[in-house]
Protein chains: 2
Amino acid sequence: MKSATRPYHHGNLRQELLRAAEAALEARGVQQLSLRELSRELGVSHASPQRHFPTKQDLLNALATAGFQRFDSIAAKAAAASGQNFHARLTKVALAHLGFALKHPALLALMFEAKRQPAMPPELLTALHAAFSHIPRILKEGQDAGKIVPGDPYRLALTIGAVVQGLVAISIDGKIKGDSLKVIVPEILGHVLNGLGTSKLKA
Amino acid sequence: MKSATRPYHHGNLRQELLRAAEAALEARGVQQLSLRELSRELGVSHASPQRHFPTKQDLLNALATAGFQRFDSIAAKAAAASGQNFHARLTKVALAHLGFALKHPALLALMFEAKRQPAMPPELLTALHAAFSHIPRILKEGQDAGKIVPGDPYRLALTIGAVVQGLVAISIDGKIKGDSLKVIVPEILGHVLNGLGTSKLKA
DNA sequence: ACCTGAACACCGTTCAAGT
DNA sequence: ACCTGAACACCGTTCAAGT
């Protein structure tokens, strides 16, 4: 112990609240997440979060925003390969998405809940757009290379986004068991990508 | 007014609680749903729900179960056509699913939340299985007729289920605007069903 | 069997006051 | 600027008691 005196200012309360909140979120669910409990856990007064997060929803939004940012950096890495095998690249991004979902199921659920808010904070919107930019970008590249059917890439991305988000729901629900994910997901995506690829267009 | 005397027994409290709860759910969200508020609305004491729903979660589970039952009857109607055009029948079931989602978004979200419960009540499980039985059944028929790729129909159904559930998420989020749903959904499903149809298998 | 009223242990949020 | 302590208006749940 470096010092026996704890300062009046916590100094790092905002960060610690986010960290503790995410742990509690995954452990006990959003429903059970309580600001007062977090305060107790961190040894501060129950009113102290208010300076950093005026309302509980502000904490949840901050959690969702940070989630989208982490999600973006993972997806960006998966999308980074610049080869011409668009099928493989799209599959990698989808698997990254799914990996995040299985590691942080409650956080991802919170992120999608946050999307449904009437008035979304601008940082959340920005983080969200960044996180969902990779699939349309790859599709666009695929179209330019003549390997993906023509059409608005954002619209085509909905197809893949829908499948992936649906797979997330199904995976988290435990309908797909553990390791078989690595088999089933490429198979399912294969069906979908077959429908998007030009090679099958006029069969 | 038939009678000025209100009986001590409400007589229909269970039903009325479910009705009022669903209305409040769609109007204000799960987060804001309060048993005490429902009791006030129905003019009963705040402790009266307990006899019918020992805990708040029991009310939510009953709501989810009723939701799956309604959902099942709608999906059953959509699946009823017995023609050989499996593509069209699957699209009909998917559109029925999506229609339900757009009409009762909060209820459907609750239904999928309920699926994530550690200990699911048996009636909920039964209702859920019934609701999700139609797509595998049609796929099986399609396989028997040689129009759908071989493989476990439940596994293939995951593909369609994933797409539909993903479309639900996207539609509710308002990323697809109103009427264009009728155009976009068959288009997206077309991509997926192309991937499942035998006619494109060896292109 | 079904409902009431009081009680208990929690919440989120506000606000004057302290450092 | 950041945190505290008391206060306010809510919750869900329990339980003896009423009908």
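No experiment lies behind these values; they were computed from the predicted model shown.

What counts, and at which threshold
- Residues numbered from 1 in each chain as written.
- Chains lettered and ligands numbered in written order.
- Predicted model: local features only at pLDDT ≥ 70, side-chain atom pairs only at ≥ 80, totals over all residues.
- Heavy atoms only, no water.
- Helix = DSSP H or I, 4+ residues; strand = E, 2+ residues; numbered from the N terminus.
- Buried < 20%, exposed > 50% of the residue type's maximum accessible area, 1.4 Å probe, protein only.
- Contact = heavy atoms within 4.5 Å.
- Areas by Shrake-Rupley, 256 points an atom, 1.4 Å probe, with all protein chains shown as cover.
- Buried area = accessible area lost by both parts, 1.4 Å probe.
- Salt bridge = Lys/Arg side-chain N within 4 Å of Asp/Glu carboxyl O.
- Polar contact = N/O pair within 3.5 Å; in protein donor to acceptor, adjacent residues only side chain to side chain.
- Nonpolar A, V, L, I, M, F, W, Y, C, P; charged D, E, K, R; others polar.
- Axes fitted to C-alpha atoms, helices over the stretch in contact; angles between N-to-C directions.
- Left-handed = near helix turned anticlockwise from the far one by under 90°.
- Least-squares fit on C-alpha atoms with pLDDT ≥ 70 in both.
- pLDDT = per-residue confidence, 0-100.
- Expected span 1.5 Å × (residues − 1).
- Phe/Tyr/Trp six-rings, centres within 6.5 Å; stacked < 30°, edge-to-face > 60°.

Looking only at helices and strands, one finds 10 helices and zero strands in chain A. From first element to last, N terminus to C terminus, chain A shows the α and β order α-α-α-α-α-α-α-α-α-α. The 203 residues of chain A split such that 46% are buried. Within chain A, counting contacts between residues at least 6 apart in sequence, those at least 24 apart form 66% of the total. When the accessible surface of chain A is totalled, it reaches about 10,700 Å², and 56% of it is carbon and sulfur.

Residues and elements named next belong to chain A. Relative to the elements of secondary structure, L42 occurs in helix α2 (residues 35–42). Judged by relative accessible area, which is 16%, L42 ranks as buried. Residues L42 and L13, spaced 29 residues apart in sequence, show a C-alpha to C-alpha distance of 8.3 Å. Each residue touching L42, except ones within four places of it in the same chain, is listed here: H10, L13, E16, L17, R19 and A20.

Let us now look at the interface of chain A and chain B. Across the boundary between the two partners, chain A contributes 34 residues, which contact 35 residues of chain B. Looking only at chain A, the three residues that lose the most surface to chain B are R116, R155 and H191 of chain A, adding up to 19% of its buried area. Linking chain A with chain B are zero salt bridges. Joining chain A to chain B, the criterion identifies zero residue pairs in polar contact (both at pLDDT 80 or more). Secondary structure elements with two or more residues in the side of chain A that touches chain B: α6 (105–115), α9 (153–172) and α10 (181–196) of chain A. The biggest single contributor to the side of chain A that touches chain B is α9 of chain A, with 12 residues. Along the lines of polarity and charge, the residues of the side of chain A that touches chain B split into 20 nonpolar, seven polar and seven charged.

A word on the packing of helix α5 (residues 86–103) of chain B against helix α9 (residues 153–172) of chain B. Residue and element names in this part refer to chain B. Two elements in contact, α5 and α9, have axes separated by 10 Å at closest approach and are oriented at 35 degrees. At the point where α5 passes α9, the crossing takes the right-handed sense. Within the contact between the two elements, α5 uses L90, A94, H97, L98, A101 and L102 and α9 uses I160, V164, Q165, L167, V168, S171 and I172.

Moving on to the relation of the copies chain A and chain B. Superposition of chain A onto chain B requires a rotation of 180 degrees combined with a translation of 0.0 Å along the rotation axis, giving an RMSD of 0.0 Å. On this basis, the relationship between the two copies can be described by a two-fold rotation axis. A high fraction, 100%, of the interface residues of chain A reappear at the interface in chain B, so the copies pair face to face through one surface.

What follows is about the confidence of the model for chain A. Per-residue confidence for chain A averages 87 on the pLDDT scale, and 89% of its residues sit at or above 70. Element-level pLDDT for chain A is lowest in α10 of chain A, with a mean of 77, against a maximum mean of 98 in helix α4 (residues 56–79) of chain A.

With that out of the way, let us pick up the pattern of salt bridges. Residue and element names in this part refer to chain B. Under the definition given, this model contains 10 salt bridges over all chains. D144 is the salt-bridge partner of K140, the closest N and O atoms lying 3.3 Å from each other. Taken together, the positions of K140 and D144, both in helix α8 (residues 134–144) and four residues apart, correspond to about one turn of that helix.

A word on helix α10 (residues 181–196) of chain B. Side chains three or four residues apart in an α-helix point the same way, a direct result of the helix having 3.6 residues per turn. For α10 of chain B, spanning 16 residues, the distance from its first C-alpha to its last is 22 Å, which sits close to the expected 22 Å at 1.5 Å a residue. Packing partners of the buried residues in α10 of chain B comprise α9 and α10 of chain A together with α5 and α9 of chain B.

Moving on, we come to the packing of aromatic side chains. Residue and element names in this part refer to chain A. In the structure shown here, the tally under the stated rule is eight aromatic pairs over all chains. Arranged with centres 6.0 Å apart and planes meeting at 80 degrees, the rings of F68 and F132 form a pair that is edge-to-face. Of this pair, F68 sits in helix α4 while F132 sits in the loop between α7 (122–131) and α8 (134–144), placing them 64 residues apart in sequence. Of the residues examined, F132 reaches a relative accessible area of 26% and is grouped as partly exposed. Between F71 and F100, the ring centres sit 5.3 Å apart and the planes meet at 85 degrees, which makes this aromatic pair edge-to-face. Here the residue F71 occupies a position in helix α4, and F100 occupies one in helix α5 (residues 86–103), the gap between them amounting to 29 residues. Grouping residues by exposure puts F71 and F100 together as buried.

Moving on, we get to α10 of chain A. Among the residues of α10 of chain A, those classed as buried are L181, I184, V185, I188, L189, G190, H191, V192, L193, G195 and L196 of chain A. Elements that come into contact with the buried residues of α10 of chain A comprise α5 and α9 of chain A together with α9 and α10 of chain B.

A few words on the side chain of H134 of chain A. Residues and elements named next belong to chain A. Take H134: it is sitting in helix α8. Given a relative accessible area of 6%, H134 falls into the buried group. Among residues more than four places away in sequence, those in contact with H134 are D72, A75, A76 and A79.

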